[in-house]
Amino acid sequence: MMKSPKGRKIDAGATLAVIAAMVCWSVGPIFIKLLTASVDSWTQNLLRYLVACFFWLPFMIFSWRRGRLESGIWRKAVLPAAANIVMQCLWAAAYYYIDPAFMYLLSKSTIIWIAGFSLIFFADERVLVRSVRFWLGMAMSVGGVIGIMVFKKDFTAAGTLTGIVITLLSGAAWAVYTILVRIFFRDIDSRNGFSVMSIYTAAGLGTLALIFGRVQDSFSMGAAPWVYVAVSALMSIAFSHVLYYAAIRRIGATIPSLALLATPFLVLAISYVVFGETLNAFQWVSGIILLSGSGLAVWAQEHLG
């Protein structure tokens, strides 16, 4: 990567990875909401993670047979997988109480936790404290999220207390998951790391689905729900997590998380087409502020040492 006398240039690879992950994760909420009419949250979690797990399994076997599977990876994946199981259970459950766009907006509260944890535990990210662009980008991003949420005309009717609490807990779990990935997968290939973790996660979600869910309902699903399962599993789990891991390894956890604040705006746009959710003028302005703030935060990469 090229460097200038003033410091490190923007990491193009990490930036592209974040953008791709953002697009993939924008699709997930739509399909999860569509699946609420066919199966319970426990069962759809299991189905989607099984697809993601089987997708990356051949790559993990190939890496293992070639001796490319990092030493200690099975041990290092335990805690991130545990946090991921908790987060996935809460994440899917929230869609059974509130609409996808509103839910996704609420989940962006995780940025506060991630930024705080990263600045405390990771010395290489503390230089961001001196970056005006970082704080301005963070303020704009958070302000944009709040604007989109507050100016939504059915704001008070869209959510229930149960859905809001579940979403906020999911956001906290996501922050813990992100930090654990940064700690334990720092020197692990992104594909290997997620391959192993997806096995743990699928096993955990499978156990919970057998205890609390109705897995038998999946056998009576039509073709469309199975398409929803496959597309959401590949885009919002198999591809997005690996892309996210790659970005975290290259530039840390704070900036990718800030950039992903743009995802709720994309979710709202897709939800307009699928569910007829509308955006008023104030929400459009808030969305532009959100995207601008996210871009400014990515630009702050130049201040990382």
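**Considering the confidence of the model for the protein**
No. 1: Chain-level statistics for the protein give a pLDDT mean of 82 and a share of 92% at 70 or above.
No. 2: Here strand β1 (residues 3–4) is the element of the protein with the lowest mean pLDDT, 40, and helix α4 (residues 78–94) is the one with the highest, 94.
No. 3: Note that pLDDT drops below 50 for residues 1–7; the model gives that stretch five contacts with residues more than four away or on any other chain.

**Quick word on the packing of aromatic side chains**
The geometry of two aromatic rings is summed up by the distance between their centres and the angle between their planes.
No. 1: Using the criterion set out here, one finds 15 aromatic pairs in the structure.
No. 2: Measuring from ring centre to ring centre gives 5.3 Å for W25 and Y244, while their planes differ by 75°; the resulting arrangement is edge-to-face. On the criterion of sequence distance, the pair formed by W25 in helix α1 (residues 12–35) and Y244 in helix α11 (residues 223–251) is long-range, its members being 219 residues apart. Exposure class is identical for W25 and Y244. Each is buried.
No. 3: Through a chain of ring-to-ring contacts, three or more aromatic side chains come together here, namely W25, W174, Y177 and Y244.

**Remarks on the pattern of salt bridges**
No. 1: As enumerated under the stated definition, the model contains one salt bridge in all.
No. 2: For R214, the salt bridge goes to D217, with nearest N and O atoms at 3.1 Å.
No. 3: The class of R214 is partly exposed, set by a relative accessible area of 45%.

**With respect to the packing of helix α5 (residues 100–107) against helix α9 (residues 161–184)**
No. 1: Two elements in contact, α5 and α9, have axes separated by 8 Å at closest approach and are oriented at 45°. As judged from the angle between their axes, α5 and α9 are oblique. Considering the relative orientation of α5 and α9, their crossing is right-handed. Contacts from F102, M103, L106 and S107 of α5 reach α9 at I164, T167, L168 and G171.
No. 2: For the contact of α5 with α9, a count of residues per class yields five nonpolar, three polar and no charged.

**Brief notes about the nonpolar core**
No. 1: Counting 77 residues, the largest nonpolar core has Y177 and F194 as the members making the most contacts within it.
No. 2: Filtering out sequence-adjacent residues up to four positions away, F194 remains in contact with Y49, A52, W56, I237, A238, H241, V242 and Y245.

Here is what the cut-offs are and how they apply
- Residues numbered from 1 in each chain as written.
- Predicted model: local features only at pLDDT ≥ 70, side-chain atom pairs only at ≥ 80, totals over all residues.
- Heavy atoms only, no water.
- pLDDT = per-residue confidence, 0-100.
- Helix = DSSP H or I, 4+ residues; strand = E, 2+ residues; numbered from the N terminus.
- Contact = heavy atoms within 4.5 Å.
- Phe/Tyr/Trp six-rings, centres within 6.5 Å; stacked < 30°, edge-to-face > 60°.
- Buried < 20%, exposed > 50% of the residue type's maximum accessible area, 1.4 Å probe, protein only.
- Salt bridge = Lys/Arg side-chain N within 4 Å of Asp/Glu carboxyl O.
- Axes fitted to C-alpha atoms, helices over the stretch in contact; angles between N-to-C directions.
- Parallel < 35°, antiparallel > 145°, perpendicular 65-115°, else oblique.
- Left-handed = near helix turned anticlockwise from the far one by under 90°.
- Nonpolar A, V, L, I, M, F, W, Y, C, P; charged D, E, K, R; others polar.
- Core = buried A, V, L, I, M, F, W, Y, C linked by side-chain atoms within 4.5 Å.

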